[in-house]
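# Observations on the model geometry
Each chain, written out:
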Amino acid sequence: KKNADPQRTAFLLHKQWTLYSVTPLYRFSDAHLKDYTRLLSAFVAAEKQKGLAVEIGVELDIKVAFSSLPDLQGSDQDQAAILVQLFLRSSASKNNSGEKLLWSGWFCSVSGEDFSENKPEGFTCLPLFLTNGAESYTAIVGSWFQKTFDCYFRRLAISPLNLSWMAAMWTGCKVDKTVPALELVFSVPRLPQPLDISYAIHPEDAKALWDTVQKTPGEVTQEEVDVFMDCLYSHFHRHFKIHLSAAKLVKVSTAIASAHCDGIIKFLQSQYLTGVLMLLTELAVSQIQ
Amino acid sequence: MQRRESSKTKQIRQVLHENQTDLSAYLKRTTEPGKHVQNNQSSHGQTNDSLQDSLEHALSYFEKIQGSVSLKKSSILQKHLTTVESIALQRGLPPEAFGVLLKVSLSGRLADTVNTRLLKSLIPALVIPEASVVLAISLLCVGKCSGNVQVLFLRWLITVFDFLDRKKEIHALYGFFFSFLQDDKMCPFVCHLLYLITRKENVKPFRVRRLLDLQSKMGMQPHLQALLSLYRLYCPELVTIVLPGNRKAFFKNPEGPWKAAINAIKQSKQENSPVPLPLSLGMAQPRSRKRKWNTQLTIPATSANQVNFKENRGKCFGLSSTNETFPVEQLKTFSQLLRNIHRLEFPSQMGSVLTNPLLLHYINCMKDESVHLRLYYWMGHILQEECSWYVADKQQHEEFKDFLETVYRSECFLQEGFSSCEEFLYKSLPVWDGFCCRSQILRLVSWIPLNSFSEMKSHVYDPLAQLFFTSSLYFKCSVIESLKELLQNWLIWHASHLESELDPPVHSLNTTLCGLVDKVAELVHFVGWISTIGLHMEDNSSFFLYFILDFYETVCDMYLLHNLPLLILPPAGVFYPALLSMDSVNLNQLCYIMYRYRTNLVAAKENEQSKKKILQFKFSSQTYQEYNQYITAMVGCLWTSSAFQKDTHPQGLGMDDELLKTTTVQEYKHSFNIVHHPAMMGYAVLFVKQAWPDDKTFNFSLIKGKKWNWYLEYLYAQGLNGLKVFIESSVSRVSQASHSKA
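Thresholds, definitions, all that
Residue indices follow the written sequence of each chain, beginning from 1 at its first position. Chains carry letters and ligands carry numbers; both start at the beginning, A for chains and 1 for ligands, and go up in the order they are written. Local features are withheld for residues below a pLDDT of 70 in this predicted model, meaning they are given only at 70 or higher, and side-chain atom pairs are given and counted only at 80 or more; totals for whole chains, interfaces and linings count all residues. For side-chain calculations, the full set of non-hydrogen atoms in the structure is used, while hydrogens and water are omitted. UniProt positions are given in the numbering used here, feature names are shortened, and annotations may be inferred rather than shown by experiment. Strands here mean DSSP runs of E at least two residues long; helices mean DSSP runs of H or I at least four residues long; both are numbered from the N terminus. Three exposure classes are used, based on accessible area relative to the maximum for each residue type with a 1.4 Å probe and protein chains only: buried under 20%, partly exposed in between, and exposed over 50%. Every residue pair with non-hydrogen atoms within 4.5 Å of one another is taken to be in contact. Here the quantity called buried area is the accessible surface, traced with a 1.4 Å probe, that two parts lose on coming together, added over both. Here, a salt bridge means any side-chain nitrogen of Lys or Arg that lies within 4 Å of a carboxyl oxygen of Asp or Glu. Geometry is summarised by axes, namely lines fitted to C-alpha atoms with helices restricted to the contacting stretch, and by angles between N-to-C directions that run from 0 to 180 degrees. Angle categories are assigned with fixed cut-offs, so that under 35 degrees is roughly parallel, over 145 is roughly antiparallel, 65 to 115 is roughly perpendicular, and the rest are oblique. Note on convention: near helix rotated counterclockwise from far helix by under a right angle means a left-handed crossing. Clockwise means right-handed. Think of it as three bins: nonpolar holds Ala, Val, Leu, Ile, Met, Phe, Trp, Tyr, Cys and Pro, charged holds Asp, Glu, Lys and Arg, and polar takes everything else, Gly as well. The source of the domain bounds is an automatic or database domain assignment. Two N or O atoms count as a polar contact when they lie within 3.5 Å, although within protein this holds only if one can serve as hydrogen donor and the other as acceptor, and sequence-adjacent residues are included solely when both atoms are side-chain atoms. Think of it this way: a Phe, Tyr or Trp ring, Trp meaning its six-membered ring, pairs with another when their centres are within 6.5 Å, and the plane angle makes it stacked under 30 degrees, edge-to-face over 60, tilted otherwise. Criterion for a charge above a ring: Lys NZ or Arg CZ within 6 Å of the ring centre, and within 35 degrees of the ring normal.

In the nomenclature of an unreviewed UniProt entry, chain B corresponds to CENPI protein from the organism Heliornis fulica. For chain B, the Sequence similarities (unreviewed entry) comment in UniProt is given as "Belongs to the CENP-I/CTF3 family."

Under an unreviewed UniProt entry, the name given to chain A is Centromere protein L, and the source organism is Heliornis fulica. Listed in UniProt under the heading Sequence similarities (unreviewed entry), the comment for chain A reads: "Belongs to the CENP-L/IML3 family."

Moving on, we come to the overall build of chain B. Along chain B, the regular secondary structure elements total 35 helices and 1 strand. The 742 residues of chain B split such that 51% are buried.

Between chain A and chain B, the residue contacts involve 41 residues of the former and 41 residues of the latter. Interface of chain A and chain B: buried area, both sides summed, is about 3,700 Å²; carbon and sulfur atoms make up 56% of it. Broken down residue by residue, the surface that chain A buries against chain B is led by Ala53(A), Glu55(A) and Tyr152(A), which jointly contribute 16%. One can count 2 salt bridges joining chain A with chain B.

The next thing to look at is unusual backbone geometry. Residue and element names in this part refer to chain A. The phi angle at Arg 27 is positive, at roughly 60 degrees, despite the residue not being glycine. Mapped onto the fold, Arg 27 is located in the loop between β2 (25-26) and α2 (33-48). Positioned with a positive phi, Ser 111 is a non-glycine residue whose angle comes to about 55 degrees. Along the chain, Ser 111 falls in the loop between β6 (99-108) and α3 (113-116). On the basis of relative accessible area, Ser 111 is assigned to the partly exposed category, the value being 29%.

Bringing the packing of helix α27 (residues 572-579) of chain B against helix α29 (residues 621-638) of chain B into the picture now. Residues and elements named next belong to chain B. Look at α27 against α29: their axes get within 11 Å of each other, and the N-to-C directions meet at 15 degrees. If you check the angle between α27 and α29, you find them roughly parallel. As α27 runs across α29, the sense of the crossing is right-handed. Each of Ala 572, Phe 575, Tyr 576 and Leu 579 in α27 lies in contact with α29, whose residues at this interface are Tyr 630, Ala 633, Met 634 and Cys 637. In terms of residue class, the contact of α27 with α29 is made up of 8 nonpolar, no polar and no charged.

Before going further, it helps to spend a moment on the domain arrangement of chain B. Along its sequence, chain B is organised into domain 1 (51-257), domain 2 (325-449) and domain 3 (674-741). Here the C-alpha centroids of domain 1 of chain B and domain 2 of chain B sit 44 Å apart.

All names here are of chain B. Within the fold, Asn 600 resides in helix α28 (residues 584-610). Using a relative accessible area of 0% as the deciding quantity, one classes Asn 600 as buried. Sequence-wise, Asn 600 and Gly 636 are 36 residues apart; in three dimensions their C-alpha atoms are separated by 22 Å. The residues contacting Asn 600, other than those within four sequence positions of it, are Cys 556, Asp 557, Met 558, Tyr 559, Leu 560 and Leu 567. Among the polar contacts listed, one links the side chain of Asn 600 to the backbone nitrogen of Tyr 559, at a separation of 3.5 Å.

Evaluation of the coordinates by the stated rule reveals 50 aromatic pairs over all chains. Judged by centre distance (5.5 Å) and plane angle (45 degrees), the rings of Phe145(A) and Phe149(A) are tilted. Pair noted here: Phe145(A) and Phe149(A) are both in helix α4 (residues 135-149), with a separation of 4 residues, about one helical turn. In this structure Phe145(A) comes out as buried when scored by relative accessible area, which is 0%. The exposure class assigned to Phe149(A) is buried, which follows from its relative accessible area of 2%. Centroid distance Phe468(B) to Phe469(B): 5.5 Å. Interplanar angle 80 degrees. Geometry classified as edge-to-face. On the basis of relative accessible area, Phe468(B) is assigned to the buried category, the value being 0%. We classify Phe469(B) as partly exposed; its relative accessible area is 22%. One aromatic cluster is present, built from ring pairs that chain together Tyr20(A), Phe28(A), Tyr36(A), Phe66(A), Trp103(A), Phe107(A), Phe129(A), Trp144(A), Phe145(A), Phe149(A) and Phe153(A). The aromatic ring of Phe115(A) is capped on one face by Lys119(A), whose charged end is 4.6 Å from the ring centroid. Geometry around Tyr624(B) places Lys605(B) over its ring, the cationic atom sitting 4.2 Å from the centre.

Attention now goes to the pattern of salt bridges. All names here are of chain A. Tallying each qualifying case throughout the model produces 18 salt bridges over all chains. Two residues, Glu 47 and Lys 50, come together in a salt bridge whose shortest N-O distance is 3.3 Å. The exposure class of Glu 47 is buried, given its relative accessible area of 19%. Lys 63 is the partner of Glu 99 in a salt bridge, and the nearest nitrogen-oxygen pair spans 3.4 Å. Of this pair, Glu 99 sits in strand β6 while Lys 63 is found in strand β4 (residues 62-69), placing the two residues 36 residues apart along the sequence. Assessed through its relative accessible area of 26%, Lys 63 is described here as partly exposed.

We now examine the domain arrangement of chain A. On domain assignment, one finds that chain A holds domain 1 (6-155) and domain 2 (160-261). Summarising the inter-unit geometry, the C-alpha centres of domain 1 of chain A and domain 2 of chain A are found 34 Å apart.

Pasting the structure below:
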C-alpha cells in the first residue's frame, strides 16, 4: 500500500479472472515457494500423463513459477498475495527464452484480518483465488493445493445485489482518463429464448446521479444503492416500458472493473485494484463462513 | 490362476473321495482328522515315523545327488520326488528341508521338470529359515537355472514371504533384487518382491532414476506403478505419480500352486490364518461420473503430508532416521496405531479420517484445535456444495445420502457432533421437505451438541414441528426417536463432563448447569407438546405411543442416572392415552415409567433433607403434586376401582356419578382395573380359562381374594415387569390390606 508500484501489478489488469473462495491453507509458508515449485511442476506432469511416475526436480515441458505479490496488501496484517504461473516450454525456441504463459492464478487477502485473526497456528488465510487460463489447469493446481494444504476451493458467484453495489460504488470513483459508459446487462427469466438487455449510461450522467444520491462522501449505504438503481430502472421504464427490476442483473461494466454474476472479473484501473479486491475478499470470506 | 487353484482343490477332493472306499485310509483319516492324503501308497498303514524316515531318506538323496540324473530312468529319483511331494501336500515341509531342496532345484543339475516339481512342493509346515533363501538367491545370481525356474522361485518367495523366520538378510540383499529388474521376464515379480521389502532407506535417487528409465522403456506397467507409488510414499520429494482411478490390482496373482496347499495345511491344523495385509496405496476411489472440477462428493483417501518441511529445514530433504514419521497409508491395524502413536502424522487431507476408524481413534485422543478446524472447513464445504435438496440426479442423491451416513457414523464413533454439520442442519432444516435423506438427517439431529450457543427453538424445533404435524405416522415416530437419541446424547455428555469437573473451560458462560437444565427442559417440553397433538392426530396409535413412552423412559431417570437435577412429568395428553391404552405394552411401559419417577423423586427428597445447604436445585412442589395426582389416578384406575371419584387432575377421569349412570354401563367403577382394563382383559380371559376350565361364562368377578393374588402372579409371569414394579412400589400396602381382608 505504502510503496505499491502500479507497474508490478499491471499484468493483472485487462484480463478475465475467474473467482474462487479458498478455506485457510494448512501449513503453507512463503519460505518454501521454491520447494512448492518443484513439487507442483512434477504433479502437473504426473496429472497430464496419469499413471506415469515423474521425477521431481527435473526440467519438464510445463514450468511452474511461484512468487509473492507484496503490492496487494490492504493492511500489514494481510498475508502477502501468492502468484502461481504455468509456462509452456516450447522445444523449438528453447534457447531464446521461448516460454509461453499457459495459466495463472493468485491467492490474496485484502483487509481480511477479521477472518484471519484467532486462527490457530499453521493456518494461512488467503480466502480469494483468481485464475486466468484453461479450467483443466485450474483443476490440477487446485487439487494439488487441496491435497497439500488441506484447503477447499469453491466458485465464487456474485449475487445481483452485490453487482448493484459494485455499479453504484464504481460509478462514484474518480478516473483521470476518458471514461467508457456504465453498462448493466440484465437477463430476462422464463422466456423460451434467452434475452439479454444491455443498458448503457453515459458515465457523466451516472456520476451526476450518484452524486445526488450519496449523502456522505466515502460512505455507501444499501438505501443509497437501492435509490440509485431505482432511478436507473424508472428512467429505462419511461423509455422502453420494461421493468428492469423484474429481470436479473448479470453483469456490470464500469471504468474501474467489470464483473459478471458467474464470478468473473476484469480489473481496469490499477489505482482501484486493492479496493475491488477488498470487496471480493469480503465476499469470499462470507462464502467460507 | 484362480481356475488352477480350484482345480487343485477339486483334485484333492477327488482323491479323498476315492479313498473313501478304502477302509484303512478312511480309518486313518478319522483318527487323524484333517490329514489330507495324496496317494494310496503313502496312506497304506504308514505311520508318522515311517513318513519321517522316508522324508529323511529323500532329503539325504537330494543332498548328495551328483551329475544329471534322468527322471525317466531313475526310479529312485522318482520315488524320492513323490515322497517329498506327498509329504509337502499332506503336512508341509520341515524347516531343514528348504536348504536342501532349494539348493538342488536352483543349481541346474536336474532337469527343469524335476526342479519345477521340487519348487512346487516347497510348502512350509511352520517356518522357512532365512539362510536357505539367502543361499537360493546366491544360486540365482550365478544364473545356472533356467528363466522359468527363476520366475517360479520368485513367485514362491513372494507367496511364502510371511513364513520366513527372519528378514534381516533379505533386506540386506535389496540391491541384488533391484539388479534383477533388468530381466524382462522376472521384472514384474521382482517389483512385487521389492514392494514387500522396500523401506524408506532403500529409496535412493539413483534407484528412482533407474525405475523411471524402465518406465520409459516399458511404458505404463502396473507393477512399476506400484513400486513407484511406494517410493513416492516414502520420498515424495523425489518422485510423484498420479494413479488412474480404475486400477484394481497392481500385481498378478503370484500365489501359484502353493497358496491352496498352504491353506489346506493351515486348515488341517485348525489355525486361524492371520489376515494378510491387503496391498493398498490409497488408490483414488473410482469416480462415478464426470462433473465440474471440485464438485464431486469424494472423501479423500488417506495419505501422508506430501513433504514435511519443518523436519528437514536447512537440510536438503535429508533422510532423518530417528524422528521419522509413520506414513498414515501404512496404518492398518490397531496395534500399529498403538506402537506408532507418537510418530504418526495426520493425513494431508483431514476429511479422510471419516472413513478410517483408526484415525478416528487417534483424533479422539488428540487435543489439537487445528484438526477440528480442518475438518470443519472441509465438511462445511462439502455440505454446502452438495446440499441441493431437490436434486433430480438419483445417483448424486445416493452419494449425498452415503456421505451423511458416514458423517453420522463418525459422530457416533467420536460421541460428538461436528460443528459444520450442526450449522448445516440449522441452515437446511427450515427448507427441508422431510423426505429427502430422511433417516440420515434425523439421525444427525441427534448429535446436535448441548453446549452449542444456538437457539434450538427457531433452528430445530419450529421447522421440525411443522414437518411433524404434516407428515405420516412413521415420520412422527422417527422424529420422536431421534429426539430421544438427542436427549440421551445430551445427558451422557453432561454426566461425563460432570465427572471431569476439573476441566474449567467446559462450564463457560452458556454451559453452566442452569443453562443446561433449561436447554434439556426445553427439549422435554417440546416433545411433550408435539406428542400430545400427535396422539390426537393419530388417534392414540399405540405404535406411536410406544415411541413417546420410550422417550419418557429416559426423562424419568434423568436425576438418578445422569445426575441432572430435573424431572418433568409427561403432559396429561400423553399420560391418559397411555393409561387408557388398548395395548398392554403401553400400559406396562407407563407403569415402569411411573415407578422410576417415584424412585427418582424419593431419592431427590432424601437428598434434600440430608444436605439442605449445598443443593442449588430443588424440584418444585408442583412436580410432586403432579406426580401424586397421576399416581392417584393410576391406582384408582388399576387397583382400587375408584378412578372416577378420586382423580383430581383437570384433564383427568374424575366424573360425576350421575353422569356415569347415564352411560348405562354396569359396574362402571371396575371398568379400568387390572382385570377389566381393555389392555388387560386378554390376560384375564386366559387366566379364567386356566383357573376355571369348566366355566364358560368368563366370570371375571371370580378373580378376587386369593385368586386376585394368583392373577397378579400370572400377570408378572407373562412379562409385565413394569406392572410388577409399579404395584410393588406404589400399592404394596393396599395390596397387603386387601390380602389380609380376603
